[in-house]
Amino acid sequence: MKILHTADWHLGHQLHGHDRRFEHDAFLDWLTDTIKARQIDALLVAGDLFDTANPPASAWQQLYRFLARLRAEHPALDMVLLGGNHDSPSKLDAPHELLRAFDLHLVGSISRDDEGRLETDRLLVPLRGKDGEVAAWCAAVPFLRSSDLRPEGLSEGQDRLIEGVRQVYQAVLAEGRARCQPDQALIAMGHAYLAAGQLSELSERRVLGGNQHALPADIFAAADYTALGHLHLAQSPAEGVHYSGSPLPLSLAEANYNHQVLEVTFEGGKLAGLARIPVPRRVDMIRLPQSDLDEALNAIAALELPDRPQEAQPFLEVRLLLPKPEARIRERILAAIGGKPVRLARITTSYQGSGQGLADGRARRRLDELSPTEVFRLCYQRQFEGEPEAALVASFEEILEQVKESGV
């Protein structure tokens, strides 16, 4: 049996105001072709189908169009999709019965019976191999919020959130293992942040209360393979535990990630192979080296880019390192871009100040020994290079007098 593990699609995502629908359409078309070419038996999508809890209608249309096409072209394909921390559990669960009629499993949240016991039936999905027989059981656990957790029997010092997540997975995996025949694999599926996982700099939210609640990988020890979502960089924090990563860069900091999906092969209930399939990049990202404004403008002028439709034009990030604030930066950059087939995504500006706080200098002085103007000068030098211009100091002192006169 072959499964394809992917996650973190973030349909409906915008990059600094630019729509990504073209890129997502291209990815879903490529994914459909890949499933056919590589004869995949099951597709697992480990959370964050959408970028927000209230995605636009166009994002729902993308998802449903993709699922309908897959079901029409691959009637025997098993599909399991989870909710992530960006998704709305109730919105994902709303069409559950309709999708289940087409053997599509979309799981937004966990549920409990009247006595508080976890209902595991909905979270356990049989996956079939090419012969039509069950080859694996998938324990499909969506992103767990603190309200989902009811930890029992905690010892002193145990973390409530971590142990609550552990007990949910223990219950589902135990039931899954009980259903497994000797030649059937047990696959854990989730959306979580594991200890030792590498976060994306700009685009991931820390979940379950932050890094202090990073989950230990041994939560998934009972599984033969663990398919995770949430971290956008493909990685394996423990043996048999894999993040597929996102198929698209979701921030400019992810421009150089190896975006991919994972093809996982099982034989006789055992993991037999894992292949990393690169996702083609449909839209480039250009990040200019950090420089002053003149150098950046020259670099933009030197860009030679082929004509493309607007939705396929590369994103441009201009990174500036300046000695002091400059006027009309954005206007000058837009003028330099002119009619070039590129989309300005972001201008990041850093300054060449000392970075020192008022108490960082060698000759430390008490704050009450400094005049307000001296404090202003020191704060300016912390962020910018050199002394503030006389006109700026005069404006500060004028505001200072107005404050004094108002009695504030």
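Conventions adopted
Residues numbered from 1 in each chain as written. Predicted model: local features only at pLDDT ≥ 70, side-chain atom pairs only at ≥ 80, totals over all residues. Heavy atoms only, no water. Helix = DSSP H or I, 4+ residues; strand = E, 2+ residues; numbered from the N terminus. Contact = heavy atoms within 4.5 Å. Areas by Shrake-Rupley, 256 points an atom, 1.4 Å probe, with all protein chains shown as cover. Lys, Arg positive; Asp, Glu negative; His and termini not counted. Charge placed at Lys NZ, Arg CZ, Asp CG, Glu CD. Pairing = 2+ DSSP bridges. Axes fitted to C-alpha atoms, helices over the stretch in contact; angles between N-to-C directions. 1 Å grid on protein atoms, 1.4 Å probe; cavity = no way out; pocket = protein on both sides within 12 Å on 5 of 7 lines; lining within 4 Å. Points joined across faces, edges and corners; volume = space filled by probe spheres on them. Phe/Tyr/Trp six-rings, centres within 6.5 Å; stacked < 30°, edge-to-face > 60°. Buried < 20%, exposed > 50% of the residue type's maximum accessible area, 1.4 Å probe, protein only. Core = buried A, V, L, I, M, F, W, Y, C linked by side-chain atoms within 4.5 Å. Nonpolar A, V, L, I, M, F, W, Y, C, P; charged D, E, K, R; others polar. Salt bridge = Lys/Arg side-chain N within 4 Å of Asp/Glu carboxyl O.

Caption draft 1: Spatial organisation of the overall build of the protein chain. A count of helical and extended segments in the protein chain gives nine helices and 17 strands. Principal-axis analysis of the C-alpha atoms gives the protein chain an extent of 80 × 60 × 35 Å. Look at the contacts in the protein chain between residues 6 or more apart in sequence, and 70% of them connect residues 24 or more apart. Carbon together with sulfur atoms contributes 47% to the accessible area of the protein chain, which is approximately 19800 Å² in total. Taking the 44 positively charged and 58 negatively charged side chains of the protein chain as two groups, their mean positions are separated by 2 Å.

Caption draft 2: Representation of the sheet that holds strand β16 (residues 315-322) in the model. If you trace the three strands from one edge of the open sheet to the other, you get β15-β16-β17, paired in parallel fashion. In this open sheet, the two edge strands, each paired with only one partner strand, are β15 (285-287) and β17 (343-351). The mean inter-strand angle of the sheet, taken between neighbouring strand axes irrespective of direction, is 15°. Bridge count between β16 and β17: eight bridges; the pairing is parallel. When the sheet's bridge partners are listed, leucine 322 is paired in β17 with tyrosine 351. Where helix α7 (residues 329-337) meets the sheet, it contacts β16 and β17, and its direction lies at approximately 140° from that of β17.

Caption draft 3: Inspection of the layout of surface pockets at higher detail. Of the voids in this model, the largest pocket is the one considered here, and its volume is about 240 Å³. Contributing to the lining of the largest pocket are 14 residues, with Ile40, Asp41, Ala76, Leu77 and Gly129 lying nearest its centre.

Caption draft 4: Quick look at the packing of aromatic side chains. Taken as a whole and assessed by the stated rule, the structure comprises eight aromatic pairs. Here the aromatic rings of tryptophan 9 and phenylalanine 27 are separated by 5.7 Å at their centres, their planes lie at 75°, and the arrangement is edge-to-face. One end of the pair, tryptophan 9, is in the loop between β1 (2-6) and β2 (14-15); the other, phenylalanine 27, is in helix α1 (residues 21-37), with 18 residues separating them in the sequence. In this structure, tryptophan 9 and phenylalanine 27 share a single accessibility class: buried.

Caption draft 5: The nonpolar core, seen in detail. Ranked by size, the top nonpolar core spans 54 residues in total, and within it Ile3, Leu44, Leu127, Ile187 and Met189 carry the most contacts. When residues no more than four places from it in sequence are discounted, the contact partners of methionine 189 are Leu44, Val45, Ala46, Val80, Leu82, Cys138, Ala139, Ala140, Val141, Tyr169 and Ala227. Core analysis: the next-biggest nonpolar cluster, separate from the first, contains 30 residues, Trp9, Leu43, Leu49 and Trp60 among them.

Caption draft 6: Broad picture of the pairing of strand β14 (residues 270-278). Judged from the eight bridges that link them, strand β13 (residues 260-267) and β14 form a sheet pairing that is antiparallel. Residue pairing across strands places glutamate 263 opposite alanine 275, the latter belonging to β14. Hairpin remark: β13 followed by β14, antiparallel, with two residues in the connecting loop; positive phi at glycine 268, about 60°.

Caption draft 7: How the structure looks around the sheet that holds strand β8 (residues 134-140). Here we have six strands laid out as an open sheet, ordered β7-β8-β9-β10-β12-β11, and mixed in their pairing. Each edge of the open sheet is held by one strand with a lone partner, namely β7 (124-128) and β11 (235-238). Each strand of the sheet is rotated relative to its neighbour by a mean of 25°, with strand direction disregarded. As defined by bridge partners, β11 adjoins strand β12 (residues 241-243) across two bridges and the pair is classed as antiparallel.

Caption draft 8: The arrangement of empty space enclosed by the protein in detail. This structure, assessed with the given rule, holds two cavities of 30 Å³ or more. In this structure, the largest cavity occupies an estimated 70 Å³ of space. Along its surface, the largest cavity is lined by Glu23, Phe27, Pro247, Leu248, Pro249, His259, Val279, Pro280, Arg281, Arg282 and Val283. Each residue belonging to the lining of the largest cavity can be placed in one class, and the counts come to seven nonpolar, one polar and three charged.

Caption draft 9: Layout of the pattern of salt bridges. Tallied over the full model, the rule gives 20 salt bridges. The partner of arginine 69 in a salt bridge is aspartate 33, and the shortest N-O contact between them spans 3.8 Å. On the criterion of sequence distance, the pair formed by arginine 69 in helix α2 (residues 57-73) and aspartate 33 in helix α1 is long-range, its members being 36 residues apart. Judged by relative accessible area, which is 45%, aspartate 33 ranks as partly exposed. Between arginine 177 and aspartate 224 there is a salt bridge, with its nearest N and O atoms 3.4 Å apart. Within this pair, whereas arginine 177 is found in helix α5 (residues 160-179), its partner aspartate 224 is found in the loop between β9 (185-191) and β10 (225-229), the two being separated by 47 residues in sequence. The network of salt bridges with shared partners includes Asp29, Asp33, Arg69 and Glu73.

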